[in-house]
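Architecture and fold: a report
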Amino acid sequence: MEFISNFYVFLGSVMLISLSGVLMPGPLFAVTIQKSAKSKVAGVLIALGHGLVEFPLMILIYVLLSQFTIPSWVQLIVGFVGGFFMIFMGVRAFKNRNRQDKSTVSLKRDSLLSGVWTTAANAGFILWWLTIGTALISNAQLFGLTGFGIFAGVHWSIDFLWYSVVGMLIFKSQRFWTSKVHKGVTLFCVGVFLLFGVYFVGSALMSVFTLVG
């Protein structure tokens, strides 16, 4: 019963962290707005392109973590770096809460390829997976391959639903993303980033005290 309870807690954290990440305006969100102005399925195709990059990366990280014994000190570093990176993202998001991302991608690319290239070229995306994402996958290992599969599916499903819905809404009304909506979403993300950042850092500190003790 405790195992099931812990899994639901983990799954809840994955959903919140994934949601906070996808809600943050960035290059992929910008290209979704741009493409969706002319096509109602642009968001769906962009999300699929995003998944073509994200799934192999998730599997690679999982395999590496499964094949090699990760020393405790490495796990602690991942926890610290992931936590501090989340806090940094939260602080930066708060400072930029009044800004609108104006990034653009050439209209000559189709939506699927735009999703692939925009994701692959996003340094923030790679850094997220090397820190926060790696920490989440490390936790997913506690629940075996099934747990990882559920984690990967849930994480990408949130991306897929968000970009699909945003694409449709933008196609219907390009005025949907108002300044108030932008600020509200940003503040929500700030709260989630700070909460889980402190949690990751605190967990790493507790592990250090346990090892020292």
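Scroll up to find the structure.
Calculation rules
Residues numbered from 1 in each chain as written. Predicted model: local features only at pLDDT ≥ 70, side-chain atom pairs only at ≥ 80, totals over all residues. Heavy atoms only, no water. Helix = DSSP H or I, 4+ residues; strand = E, 2+ residues; numbered from the N terminus. Buried < 20%, exposed > 50% of the residue type's maximum accessible area, 1.4 Å probe, protein only. Contact = heavy atoms within 4.5 Å. Axes fitted to C-alpha atoms, helices over the stretch in contact; angles between N-to-C directions. Parallel < 35°, antiparallel > 145°, perpendicular 65-115°, else oblique. Left-handed = near helix turned anticlockwise from the far one by under 90°. Phe/Tyr/Trp six-rings, centres within 6.5 Å; stacked < 30°, edge-to-face > 60°. Nonpolar A, V, L, I, M, F, W, Y, C, P; charged D, E, K, R; others polar.

1. A closer look at the overall build of the protein
Secondary structure assignment for the protein yields eight helices and zero strands. Scanning the protein from its N terminus toward the C terminus, one meets helices and strands in the order α-α-α-α-α-α-α-α. Taking all 213 residues of the protein together, 42% fall into the buried category. Looking at the protein alone, contacts between residues at least 24 apart form 90% of all its contacts between residues at least 6 apart.

2. Description of the packing of helix H2 (residues 27-36) against helix H7 (residues 144-172)
Here H2 crosses H7 at 40 degrees, and the two axes come no closer than 8 Å. Between H2 and H7, the crossing angle belongs to the class labelled oblique. Pair H2 / H7 crosses with right-handed handedness. Each of Leu28, Phe29, Thr32, Ile33 and Ser36 in H2 lies in contact with H7, whose residues at this interface are Trp162, Tyr163, Val166, Gly167, Ile170 and Phe171.

3. Brief notes about the packing of aromatic side chains
Scanning the entire structure with this criterion turns up eleven aromatic pairs. For the ring pair Trp129 and Phe151, a centre distance of 6.3 Å and an interplane angle of 75 degrees mean the geometry is edge-to-face. Pair noted here: Trp129 is in helix H6 (residues 123-140) and Phe151 is in helix H7, with a separation of 22 residues, a long-range link. Considered together, Trp129 and Phe151 belong to a single accessibility category, that of buried residues. A ring pair is formed by Phe148 and Phe151, whose centres lie 6.2 Å apart and whose planes are at 40 degrees; its orientation type is tilted.

4. Thoughts on the packing of helix H3 (residues 42-67) against H7
Following both chains from N to C, one finds H3 and H7 inclined at 160 degrees, their axes separated by 9 Å at the closest point. Compared by their axis directions, H3 and H7 come out roughly antiparallel. The two elements H3 and H7 cross, and the hand of that crossing is right-handed. Between H3 and H7, the residues in contact are Gly43, Val44, Ala47, Leu48, His50, Gly51, Glu54, Phe55, Met58, Ile59 and Tyr62 and Gly144, Leu145, Phe148, Phe151, Ala152, His155, Trp156, Asp159, Phe160, Tyr163, Ser164 and Gly167, respectively. Tallied by class, residues from the contact of H3 with H7 come to 14 nonpolar, seven polar and two charged.

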